[in-house]
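# Fold and contact review
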Amino acid sequence: MPIERTLSIIKPDATRRDLTGKINTRFEEVGLRIAAQRRIHLTLDQAQGFYAVHKDRAFFDDLCKFMISGPVVVQVLEGENAIAKNREIMGATNPANADQGTIRKDFAESIEANSVHGSDSPKTAALEISYFFNELDIVG
Ligand code: ADP
Ligand code: MG
């Protein structure tokens, strides 16, 4: 299995409830090392840029408003098969459809306020990591 890096974001609904530690434990329990991490408050421009791929979707404006409603924790997770492994432990976008024991099943408030983001492919992971981190910030 390849060692990969993926971009994770702990979203405002989760930081508001101080769930950062509990969510980070989920990553570490499955062998995803937190190789970089920063707590920030996104600007609207930064949120719109990050989610540009969704700019034509009906939920785009609300999503960006939600993402700037409080702090987020941006992080690089590193480990074997990190991209798919993180998506697996995150669970489905809509917590109502998420498997038992996943982060979204256990913590998400709604399809929008669903606690975590995770890159969905190697290409997206590289792009999303570089959106927030320099290579020198990442220590695996
Ligand atoms: P994922 O985060 O699982 O990769 P998407 O990339 O499809 O999901 O969507 C990005 C984010 O947009 C979701 O995590 C969620 O916060 C929000 N979102 C997606 N679909 C909806 C929807 N139908 N209504 C409201 N918000 C949504
Ligand atoms: Mg996505």
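Now for a look at the structure at hand. (Residues numbered from 1 in each chain as written. Chains lettered and ligands numbered in written order. Predicted model: local features only at pLDDT ≥ 70, side-chain atom pairs only at ≥ 80, totals over all residues. Heavy atoms only, no water.)

What follows deals with the overall build of the chain. What the chain contains, in helices and strands, is 7 helices and 4 strands. In the chain, the order of α-helices and β-strands from amino to carboxyl end is β-α-α-β-α-α-β-α-α-β-α. The C-alpha atoms of the chain give a radius of gyration of 14 Å, which matches the 14 Å a tight globule of 140 residues would have. Reported as C-alpha extents along the three principal axes, the dimensions of the chain are approximately 35 × 35 × 25 Å. In the chain, the share of contacts with a sequence separation of at least 24, taken over all contacts with a separation of at least 6, comes to 79%. Both charge centroids of the chain, one from 17 positive and one from 20 negative side chains, sit 2 Å from each other. (Helix = DSSP H or I, 4+ residues; strand = E, 2+ residues; numbered from the N terminus. Rg over C-alpha atoms; globule rule 2.2 N^0.38 Å. Contact = heavy atoms within 4.5 Å. Lys, Arg positive; Asp, Glu negative; His and termini not counted. Charge placed at Lys NZ, Arg CZ, Asp CG, Glu CD.)

Turning to the site of ligand 1, a few remarks are in order. For ligand 1, the full set of nearby residues is K11, Y51, H54, F59, L63, R87, T93, R104, I111, E112 and N114. Separating an oxygen atom of ligand 1 from a side-chain N or O atom of K11 is a distance of 2.9 Å. In this structure, T93 approaches ligand 1 through a side-chain N or O atom, which is 2.5 Å from an oxygen atom. In the complex, 79% of the free accessible area of ligand 1, which totals 530 Å², lies under the protein chains. Spatially, ligand 1 is embedded in the largest pocket. Of the residues belonging to the shell around ligand 1, the class tally is 4 nonpolar, 3 polar and 4 charged. (Near = heavy atom within 4 Å. Polar contact = N/O pair within 3.5 Å; in protein donor to acceptor, adjacent residues only side chain to side chain. Areas by Shrake-Rupley, 256 points an atom, 1.4 Å probe, with all protein chains shown as cover. 1 Å grid on protein atoms, 1.4 Å probe; cavity = no way out; pocket = protein on both sides within 12 Å on 5 of 7 lines; lining within 4 Å. Sits in = over half its atoms within 2 Å of the grid points. Nonpolar A, V, L, I, M, F, W, Y, C, P; charged D, E, K, R; others polar.)

We now examine the packing of aromatic side chains. In the structure shown here, the tally under the stated rule is 4 aromatic pairs. Look at F50 and F132: their rings are 5.6 Å apart centre to centre, the planes differ by 40 degrees, and that puts the pair in the tilted class. Taken as a pair, F50 in helix α3 (residues 44-50) and F132 in helix α7 (residues 122-132) lie far apart in primary sequence, 82 residues in all. The pair F50 / F132 is uniform in exposure class, with both members buried. Taken together through their ring pairs, the aromatic side chains of F50, Y51, Y131 and F132 make up a single cluster. In this arrangement the basic side chain of R38 is found over the ring face of F133, its NZ or CZ atom lying 5.0 Å from the centre. (Phe/Tyr/Trp six-rings, centres within 6.5 Å; stacked < 30°, edge-to-face > 60°. Buried < 20%, exposed > 50% of the residue type's maximum accessible area, 1.4 Å probe, protein only. Lys NZ or Arg CZ within 6 Å of the ring centre and 35° of its normal.)

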